[in-house]
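# Chains, contacts and geometry: an overview
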Amino acid sequence: MESESGQVSHWLQAFGAALARNDIRAAANFFGYDCYWRDLLAFTWTIKTFEGPDEITAMLAATLNSTQPSGWALAGQPTLNDGFTEAWLTFETNVGRGIGHLRLRGGRCRTLLTTLQELKGFEELQARTRPAGVEQGGVKERKSWLDRREQEEAELGVTRQPYCVIIGGGQGGIALAARLKRLDVPTLVIEKNERPGDSWRKRYRSLVLHDPVWYDHLPYLPFPDHWPVFSPKDKMGDWLEMYAKVMELNYWHSTLCTGARYDEAAGEWEVSLNYGGDRIKLYPKQLVLATGMSGFPYMPALRGADSFEGRLCHSSQFDAGSNYAGKNCVVLGSNNSAHDIAADLWEQGAGSVTMIQRSSSVVCTSDALMEHAWGKLYSQAALEAGITTEIADLTVASMPFKLLPAQMKPVYETIRRRDAQLYEGLEKAGFLFDFGEDGSGIHSTYLRRGAGYYIDVGASQLIIDGFIKLKSNATIKGINPRSVTLDDGTELPADLLVCATGYGSMNEWAAKLISPEVADTVGKCWGLGSGTRYDPGPWVGELRNMWKPTQQPGLWFHGGNLMQSRHYSLYLALQLKARMEDIPTPVYYVDPVHHKR
């Protein structure tokens with residue numbers, strides 16, 4: 001019987017030969033009927049999943065001549081998993097080198113991942129060379145591009161423009177800027193806050209990341225071994241500030257983008273900035289909105305808000321529970337921020353804390369996720385088993401989104417049994433919880449809507465024990481000077497009302513900074529078109545508008561959690577570098593707009 005290595009090597013050799021002779025029909029026959037090919041740039045210069053032989057055939061017919069793939073080879077030892085032979089592979093195209101992942105059964109491919117990892121002739125800068133400004137026999141002051149404000153203004157106004165401007169200097173903008181720095185793409189990051197990391201520092205005092213440290217590394221510089229598993233927000237802010245300095249990013253803090261306009265004739269943007277009181281215009285070719293999924297607060301219109309004598313704020317503006325000791329506090333919402341804020345208020349001695357839950361939330365303990373979900377790829381045990389961050393990221397990327405719910409349902413069934421006592425307690429307390437509309441849990445919910453869940457780090461027990469009071473299946477009908485009235489007639493005393501009501505689509509920033517017309521041209525960001533709540537169809541199979549070409553030339557969106565910012569920043573950086581170097585980038589497909597904002 002042929003070994004797993006032999007099977008994969010045979011498949012790769014035959015598949016590669018069919019592609020080399022441009023025999024698309026033969027190449028498609030190497031896939032089963034229920035098959036998926038996810039491509040990250042290598043063939044399509046976009047991020048796209050092809051479902052079924054017909055879509056794969058159409059893609060190859062359009063891209064094979066321009067891609068010219070070759071050198072398909074097995075990388076490492078194949079493994080058996082759930083009846084499939086899984087293997088890593090390497091390949092080349094006419095412009096770059098790639099890494100792929102394959103799942104085989106019965107000689108046919110179920111899933112194929114192809115990713116572009118580097119551009120030939122434009123590899124990342126890695127060699128340690130003499131720093132700029134250091135000369136034989138002496139050292140003069142080192143100056144990198146845009147190091148000093150005087151130099152910045154002179155160069156920007158007269159000589160050299162940044163090729164790429166990134167609006168938003170949080171984790172996403174910083175990770176992308178680091179990638180572009182290593183690819184020698186002149187890039188400028190614009191951040192309204194005073195320091196890198198302030199987007200974390202300015203959040204509520206008790207905020208701690210709910211993702212484990214192994215999931216959260218930035219490119220090139222992983223967290224040190226002694227870093228806590230779950231990072232406190234100020235510690236994360238300091239890390240981002242350090243990272244921006246060590247990576248020598250061109251980072252303008254305390255700078256506000258006041259508008260942007262695309263000049264189609266020139267193929268460039270005009271970006272207007274308020275820089276320390278000075279009005280500056282930049283003219284980059286590429287504009288990236290790295291304003292974050294949690295960047296455009298959604299504040300509901302509440303009748304009587306103007307009459308409220310206490311404090312009314314969005315969760316992004318909440319500071320610390322210690323400011324409300326002895327006060328009556330109401331939190332509108334029931335997801336991560338709502339739970340964190342309610343717990344902080346109770347811990348700091350609030351007179352009363354009431355959570356208003358409008359609809360059901362997915363709840364899962366952090367320990368359960370580490371044991372049954374994250375831990376297999378992102379943990380110390382995974383590292384010791386040889387699963388590096390890069391392998392973990394690519395493994396996640398290899399699973400088509402269409403197949404993810406079926407993969408995750410058994411995980412959450414196990415978690416429900418594991419934490420049965422917790423869920424029984426929540427049910428008795430009247431808390432509305434679920435495991436997603438189809439039982440696939442937090443992972444699918446996050447991709448579909450970016451919200452709707454709580455990773456429990458203790459607040460659920462406070463609800464069960466009655467320390468955090470609960471009004472479920474309710475909402476606010478009106479606000480009074482010192483109370484809120486619910487739609488069931490209940491009146492709650494309130495000195496503080498926090499609206500933990502989430503955030504709008506990232507293209508709201510396009511509407512604000514560019515124009516409503518451009519925002520509607522690119523359409524809604526995030527979501528898969530699953531047809532579930534807040535994620536209307538049709539099915540698109542990838543996150544809308546994220547890290548790939550949009551309907552607006554030269555406009556890109558970069559965001560997500562730390563893992564996504566790390567992983568997908570590579571592919572966005574490669575797209576920008578290729579365009580700067582005039583490498584042909586024939587985009588196979590740009591998603592049509594089904595939903596605007």
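### Section: the pattern of salt bridges
Across all of its chains, the model carries 30 salt bridges by this definition. The partner of arginine 448 in a salt bridge is aspartate 438, and the shortest N-O contact between them spans 2.7 Å. Taken together, the residues arginine 448 in helix α14 (residues 441-449) and aspartate 438 in the loop between β20 (433-434) and α14 connect sequence positions ten residues apart. For arginine 448, a relative accessible area of 10% gives the class buried. Under the relative-accessibility criterion, aspartate 438 is labelled partly exposed at 27%. A salt bridge links arginine 544 to aspartate 535; its shortest N-O distance comes to 3.3 Å. Overall, arginine 544 belongs to the buried group, its relative accessible area being 8%. By relative accessible area, which is 0% here, aspartate 535 ends up buried. Among the charged side chains, a network of salt bridges with common partners joins Arg195, Asp198, Arg201, Asp238 and Glu241.

### Some thoughts on the sheet that holds strand β21 (residues 453-456)
Spatially, the three strands line up as an open sheet ordered β20-β19-β21, and their pairing is parallel. For this open sheet the edge positions go to β20 and β21, each flanked by a neighbour on one side alone.

### Regarding the packing of aromatic side chains
Summed over the entire model, instances satisfying the criterion amount to 31 aromatic pairs. Considering the side-chain rings of phenylalanine 223 and tryptophan 239, the 4.9 Å spacing of their centres and the 40° angle between planes classify their relative orientation as tilted. Of this pair, phenylalanine 223 sits in the loop between α6 (198-201) and α7 (233-246) while tryptophan 239 sits in helix α7, placing them 16 residues apart in sequence. Given a relative accessible area of 5%, phenylalanine 223 falls into the buried group. An aromatic cluster of three or more residues is present, and its members are Trp11, Phe15, Phe30, Phe31, Trp37, Phe43, Trp72 and Phe91. Over the face of the ring belonging to phenylalanine 84 we find arginine 105, whose NZ or CZ atom lies 4.0 Å from the ring centre.

### A look at the packing of helix α11 (residues 389-397) against helix α18 (residues 562-580)
Contact geometry for α11 and α18: axes closest at 11 Å, N-to-C directions at 85°. Considering their axes alone, α11 and α18 lie roughly perpendicular with respect to each other. Contacts between α11 and α18 involve Thr389, Asp393, Leu394, Val396 and Ala397 from the first element and Met563, Arg566, His567 and Tyr571 from the second. Taken together, the residues of the contact of α11 with α18 break down into five nonpolar, two polar and two charged.

### Side note on the environment of leucine 209
The residue leucine 209 is located in the loop between α6 and α7 in this model. For leucine 209, a relative accessible area of 7% puts it in the buried group. It is 16 Å that separates the C-alpha atoms of leucine 209 and aspartate 319, two residues lying 110 residues apart in sequence. Apart from the residues lying within four places of it in its own chain, the contact partners of leucine 209 are Trp200, Asp216, Phe230, Ser231, Met236 and Leu562.

### Points about the environment of arginine 103
Among the structural elements, arginine 103 can be located in strand β5 (residues 96-105). Distance in space between the C-alpha atoms of arginine 103 and leucine 89 is 11 Å, their sequence separation being 14 residues. Non-local contacts of arginine 103, meaning those with residues more than four positions away in its chain, are made with Phe84, Thr85, Glu86, Arg108, Cys109, Arg110, Thr111, Thr395, Ser398 and Met399. Polar contacts involving the side chain of arginine 103 include one to the side chain of glutamate 86, which spans 3.5 Å.

### Notes on the environment of proline 162
With respect to the helices and strands, proline 162 occurs in the loop between α4 (149-159) and β9 (164-167). By relative accessible area, which is 1% here, proline 162 ends up buried. Considering only alpha carbons, one finds proline 162 and alanine 290, 128 residues apart in sequence, at a separation of 16 Å.

### Some details on the confidence of the model for the protein
Looking at the protein as a whole, the pLDDT averages 92, with 93% of positions reaching at least 70. This model gives residues 128-145 a pLDDT under 50, and the stretch forms 24 contacts once residues within four places in sequence are excluded.

### Some points on the nonpolar core
When a protein is soluble and globular, its nonpolar side chains tend to lie buried together. Phe15, Trp37, Leu60 and Leu345 are the most contacted members of the largest nonpolar core, which has 167 residues in total. Per-element tally for this core: the top contributor is α18, with ten residues. Apart from the residues lying within four places of it in its own chain, the contact partners of phenylalanine 15 are Ala27, Phe30, Phe31, Trp37, Trp72 and Leu112. Among the nonpolar cores identified, the runner-up in size contains 14 residues, and Phe308, Ile476, Val484 and Ala494 belong to it.

### Some words on the sheet that holds strand β27 (residues 555-557)
Strand order in this open sheet of five strands is β11-β10-β9-β15-β27, and the pairing throughout is parallel. Sheet topology places β11 (251-252) and β27 at the edges, where each strand pairs with a single neighbour. Note: β9 against strand β10 (residues 187-190), four bridges, orientation parallel. Across the sheet, residue isoleucine 166 finds its bridge partner in β10, namely valine 189. Against the sheet, α18 engages β9, β15 (286-289) and β27, with an angle of about 165° to β27.

### A look at the pairing of β10
Neither face of β10 is exposed, since Thr187 and Val189 on one face and Leu188 and Ile190 on the opposite face are all buried. Chirality of the crossover, the property in question, places the unit of β9, helix α5 (residues 171-182) and β10 among those that are right-handed. Inspection of the sheet shows β10 paired to β11 by two bridges, in the parallel sense. Looking at the pairing, valine 189 lines up with tyrosine 251 of β11.

### As for α18
Its 19 residues give α18 an end-to-end C-alpha distance of 26 Å, which sits within 8% of 27 Å, the value for a rise of 1.5 Å per residue. Along α18, the helix axis deviates most sharply at tyrosine 568, where the bend reaches about 35°. The buried fraction of α18 amounts to 18 of the 19 residues, a majority that puts the element mostly inside the structure. The residue sitting at the N-terminus of α18 and contributing the capping side-chain oxygen is asparagine 561; that oxygen lies 3.2 Å from the backbone nitrogen of methionine 563. Taken from the residues just after α18, aspartate 582 is the one with a positive phi, measuring 60°.

The rules we used
- Residues numbered from 1 in each chain as written.
- Predicted model: local features only at pLDDT ≥ 70, side-chain atom pairs only at ≥ 80, totals over all residues.
- Heavy atoms only, no water.
- Salt bridge = Lys/Arg side-chain N within 4 Å of Asp/Glu carboxyl O.
- Helix = DSSP H or I, 4+ residues; strand = E, 2+ residues; numbered from the N terminus.
- Buried < 20%, exposed > 50% of the residue type's maximum accessible area, 1.4 Å probe, protein only.
- Pairing = 2+ DSSP bridges.
- Phe/Tyr/Trp six-rings, centres within 6.5 Å; stacked < 30°, edge-to-face > 60°.
- Lys NZ or Arg CZ within 6 Å of the ring centre and 35° of its normal.
- Axes fitted to C-alpha atoms, helices over the stretch in contact; angles between N-to-C directions.
- Parallel < 35°, antiparallel > 145°, perpendicular 65-115°, else oblique.
- Contact = heavy atoms within 4.5 Å.
- Nonpolar A, V, L, I, M, F, W, Y, C, P; charged D, E, K, R; others polar.
- Polar contact = N/O pair within 3.5 Å; in protein donor to acceptor, adjacent residues only side chain to side chain.
- pLDDT = per-residue confidence, 0-100.
- Core = buried A, V, L, I, M, F, W, Y, C linked by side-chain atoms within 4.5 Å.
- Right-handed = clockwise from strand over helix to strand, strands pointing away.
- Expected span 1.5 Å × (residues − 1).
- Bend = angle between axes of the 7 residues up to and from the residue.

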